[in-house]
Amino acid sequence: MPESSVVAVFTDLREEGRELDSLVGGLAASKWARPTPSAGWGVAHQIAHLHWTDRAALLALTDAEGFAREVEVALKAPDSFVDEGAEEGARLAPAELLARWRAGREALDRALAAASPDARFPWYGPPMKAASMASARLMETWAHGQDIADALGVRRAPTARLRHVARIGVRARDYAYAVRGLAVPEGEFRVELTPPGGAGVWAFGPEDAGQRVTGPALDFCLLVTQRAHRADLALTATGPDADRWLDIAQAFAGPAGPGREPRGTR
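A brief structural summary. (Residues numbered from 1 in each chain as written. Predicted model: local features only at pLDDT ≥ 70, side-chain atom pairs only at ≥ 80, totals over all residues. Heavy atoms only, no water.)

Structural notes on the pairing of strand β1 (residues 190-194)
Sheet analysis places β1 next to strand β3 (residues 212-216), joined by five bridges and oriented parallel. Its bridge partner lying in β3, Arg190 is registered against Arg212. Relative to strand β2 (residues 202-204), β1 runs antiparallel, the two being bridged by three bridges. Bridged to Leu193 within β2 is Trp202. (Pairing = 2+ DSSP bridges. Helix = DSSP H or I, 4+ residues; strand = E, 2+ residues; numbered from the N terminus.)

As structure tokens, then:
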């Protein structure tokens, strides 16, 4: 990734965090308990989870042995360690949780900027370079921010930062099949997305690919982060493999999530 692109993703991660901060920073304490679309999680759980994963990323960047110990803890409770981390943070007073999340974001920002651009750092999945880790953190910040926005009834304006989320979603195609024990299709797909504002196209994959996905970038990002059901999105698949992918796509590491129900069945 060119140096200018590396700097851009670090900047975009900061901006994504600031946008979410503006959404929760002035919330009354009572609203931190408001349920979000993630079952069992309130607004506080969403921020606590982001703080927990920011801390894990910081550890991966600065203390590989310490991070390895955290992975060992996770492996002992693979089905519950994420919820346990969120629950622990959600028990804090909202002001304390907010302060810790802000401090963690700043520390991670400094560590990302100081990291060697060519070094690979451990993670719960494959090792990642700092730029890829920043992209993953942006994706999670945006996705959990969407849960919070939905809980608060806020409509967020999509930004060009969604390109990072879309790119991860495309690159994670094979993982979405593998995590479900399904055969990975041969060849790349063509993905053409209309960015926020409608100018131009974000294109991924070969132009002559027979399997294709088209539609709004926002809808694709909602799909691959499992923040909306495919039936509620304006995405079009051409070819049976591409059509199947839209049913299972995920941009995040870990087990396949349950996704969201269509709006009409909630």
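Quick notes on the pattern of salt bridges
On inspection of all chains with the given rule, the structure shows 17 salt bridges. Measuring nitrogen to oxygen at the nearest pair gives 3.0 Å for the salt bridge that ties Arg212 to Glu192. Placement of Arg212 in strand β3 and of Glu192 in strand β1 is noted, with a sequence separation of 20 residues between them. The partly exposed category is assigned to Arg212, whose relative accessible area is 22%. Using a relative accessible area of 25% as the deciding quantity, one classes Glu192 as partly exposed. Linking Asp247 and Arg230 is a salt bridge whose minimum nitrogen-to-oxygen distance equals 2.9 Å. Of this pair, Asp247 sits in helix α10 (residues 240-248) while Arg230 sits in the loop between α9 (217-224) and β4 (236-238), and the two are 17 residues apart along the sequence. If you follow the salt bridges from partner to partner, you end up with Glu16, Glu19 and Arg161 in one network. (Salt bridge = Lys/Arg side-chain N within 4 Å of Asp/Glu carboxyl O. Buried < 20%, exposed > 50% of the residue type's maximum accessible area, 1.4 Å probe, protein only.)

Some words on a positive patch on the surface
On the surface, Arg120, Arg163, Arg167 and Arg171 cluster together into a positively charged patch. As for its placement among the helices and strands, Arg171 is situated in helix α7 (residues 162-171). (Patch = residues over 30% accessible without salt bridge, like charges linked within 9 Å, V, L, I, M, F, W, Y side chains within 5 Å. Areas by Shrake-Rupley, 256 points an atom, 1.4 Å probe, with all protein chains shown as cover. Lys, Arg positive; Asp, Glu negative; His and termini not counted. Charge placed at Lys NZ, Arg CZ, Asp CG, Glu CD.)

Thoughts on the sheet that holds β2
If you trace the four strands from one edge of the open sheet to the other, you get β2-β1-β3-β4, paired in mixed fashion. Edge positions in the sheet fall to β2 and β4, since each of these pairs with one other strand and no more. Neighbour-to-neighbour, the strand axes of this sheet turn through a mean angle of 10 degrees, independent of strand direction. One ladder, built from three bridges, connects β3 with β4; its direction is antiparallel. (Axes fitted to C-alpha atoms, helices over the stretch in contact; angles between N-to-C directions.)

Honestly, it's all geometry; don't read function into it.
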